Amino acid sequence: MAIPWSYSLRNLWTRRLTTALTAAGMAMVVFVFAAVEMLAAGLRSTLVDTGSWDNVVLIRKSSQTEVQSAVAREAAAIVEAQPEVAAGAGGARLVAREVVVLINLLQRRGDRPANVTIRGIGPASVALRPQVRLAAGRLPRPGSFEIAAGASIVRRFRDAQLGERLRFAQREWTVVGVLDSGGAGFDSEIWGDVDQLMQAFRRQAYSSVLVRLVDPARFEDLKTRLEGDPRLQLEAKRETRFYADQSEAMATFLRVLGAVLSAIFSTGAVIGAMITMYAAVANRIPEIGTLRALGFQRRSILAAFLVESASLGLLGGAAGVLAASLLQLVTVSTLNWQTFSELSFRFELTASIATRSLVFALGMGLAGGLFPALRAARLGVVDALRAS
């Protein structure tokens with residue numbers, strides 16, 4: 001015969017102060033666990049959303065980023081002539097030859113310098129990135145010293161507001177537009193005319209070539225042909241894969257950090273739960289004896305106390321996840337370890353993270369309640385009744 005669950009839950013309510021304190025400790029551990037997972041998920045989401053499945057990025061072999069890459073003009077022309085490259089409405093190939101460099105700007109808060117990505121764009125660059133829209137102003141005109149700043153750049157850096165002027169590469173550039181990519185990585189970039197930027201930074205080669213495929217299924221054909229051409233020395237990646245690789249190092253570090261912190265903090269939470277459950281057993285020895293005298297078996301006593309400790313863990317887990325969900329309102333900025341430029345992104349809570357957090361909390365509750373539950377189940381009927 002099983003003991004009703006209501007018995008376990010009623011006991012938690014009876015000891016509500018102890019229950020609240022123990023659950024709060026578990027909630028803090030779950031909060032840290034979920035927050036680190038959300039940080040890694042937000043970073044991955046920001047960079048993956050930056051890319052499109054239909055687009056292919058071509059950079060120099062062995063280059064990890066566009067900043068490190070150099071694509072010769074002749075190689076870019078060969079890429080543009082490939083049959084897998086789609087054409088736009090006017091018949092022009094959807095190919096963007098771009099240059100990417102880093103500059104140093106002062107942040108609005110604290111006047112601290114930080115690296116910012118400058119992207120030189122061509123006529124097809126905007127068409128290849130439909131997720132980027134103009135929040136204000138207009139796009140830079142070809143052949144001009146005009147730039148468009150991402151929404152994150154406008155918020156965080158000095159002299160980046162619409163109509164203001166930024167000075168870099170020994171020239172002054174007027175901000176004529178504000179870009180909004182819906183939280184993608186382009187919000188942390190500044191765009192300008194590729195030819196003017198190449199002249200200003202004395203670049204003879206492009207950083208990358210971005211193309212739109214006629215059919216996404218023909219990616220392998222294009223990749224095999226271009227990577228096998230010894231004249232080009234190019235590497236082809238889908239744009240989504242390219243930007244996902246940019247987040248791998250940082251995301252891995254965050255996951256390892258989260259695992260270490262959670263392991264350390266959870267030890268204290270488990271000990272706290274164990275102390276709470278041992279105290280519950282000590283205070284209810286006569287009650288346990290009565291249950292045994294009424295015919296409840298040892299495994300029923302064991303199950304009742306495990307349900308109590310598991311409920312305690314889930315209560316703390318739910319509170320921790322709820323608190324962590326508020327972090328979605330926060331935008332953070334960090335250094336992208338691949339490109340060494342500033343990147344802004346939000347915490348992102350997914351169903352998978354919430355589930356893992358609750359399972360983690362459940363595990364802490366069961367771990368903390370196992371030994372007290374075993375002690376309760378092993379109590380003899382006579383000894384327990386004598387304790388009354």
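Because the structure is predicted, anything quoted here is derived from the model rather than measured.

Conventions used here
- Residues numbered from 1 in each chain as written.
- Predicted model: local features only at pLDDT ≥ 70, side-chain atom pairs only at ≥ 80, totals over all residues.
- Heavy atoms only, no water.
- Helix = DSSP H or I, 4+ residues; strand = E, 2+ residues; numbered from the N terminus.
- pLDDT = per-residue confidence, 0-100.
- Salt bridge = Lys/Arg side-chain N within 4 Å of Asp/Glu carboxyl O.
- Buried < 20%, exposed > 50% of the residue type's maximum accessible area, 1.4 Å probe, protein only.
- 1 Å grid on protein atoms, 1.4 Å probe; cavity = no way out; pocket = protein on both sides within 12 Å on 5 of 7 lines; lining within 4 Å.
- Points joined across faces, edges and corners; volume = space filled by probe spheres on them.
- Nonpolar A, V, L, I, M, F, W, Y, C, P; charged D, E, K, R; others polar.

Participant: Explain unusual backbone geometry to me, please; I cannot follow it from the model alone.
Facilitator: In the Ramachandran plot, Ala169 falls in the positive-phi region, its phi being about 55 degrees despite a non-glycine side chain. For Ala169, the location among the structural elements is in the loop between strand 6 (165–168) and strand 7 (171–180).

Participant: Would you mind showing me how to read the confidence of the model for the chain here?
Facilitator: Low-pLDDT portions of the prediction should not be read for the details of their coordinates. Looking at the chain as a whole, its pLDDT mean stands at 86, while 93% of the residues score no less than 70. Least confident of the elements in the chain is helix 11 (residues 381–386), whose mean pLDDT is 60; most confident is strand 9 (residues 208–212), at 96.

Participant: Teacher, can you tell me more about the pattern of salt bridges here?
Facilitator: One pass over the full model with this rule turns up 17 salt bridges. Ionic pairing is found between Arg119 and Glu189, a salt bridge with its closest N-O pair at 2.8 Å. With Arg119 in strand 3 (residues 113–121) and Glu189 in strand 8 (residues 189–193), the pair connects residues that are 70 residues apart, well separated along the chain. For the pair Arg119 and Glu189, a shared accessibility class is recorded, and that class is buried. Across the pair Asp229 and Arg231 runs a salt bridge whose closest N-O atoms are separated by 2.7 Å. Judged by its relative accessible area of 15%, Asp229 falls in the buried class. Taken together, the shared-partner salt bridges connect Glu66, Glu98, Arg119, Arg129, Glu189 and Glu239 into one network.

Participant: Explain the layout of surface pockets to me, please; I cannot follow it from the model alone.
Facilitator: A probe matching the size of a water molecule, rolled over the atoms, marks out where space remains unfilled. What the largest pocket holds in volume is close to 430 Å³. Contributing elements (two or more residues each) for the lining of the largest pocket: strand 2 (95–106), strand 8 and helix 5 (194–200). Among the residues making up the lining of the largest pocket, the classes are represented as 14 nonpolar, 5 polar and 6 charged. By volume, the second largest pocket amounts to about 320 Å³. Every residue lining the second largest pocket is counted, 17 residues in all, and those nearest its centre are Gly182, Gly183, Ala184, Asp187 and Arg346. Broken down by secondary-structure element, the contributors of at least two residues to the lining of the second largest pocket are helix 2 (16–50), helix 4 (151–156) and strand 12 (342–346). The element contributing the most residues to the lining of the second largest pocket is helix 2, with 4 residues.

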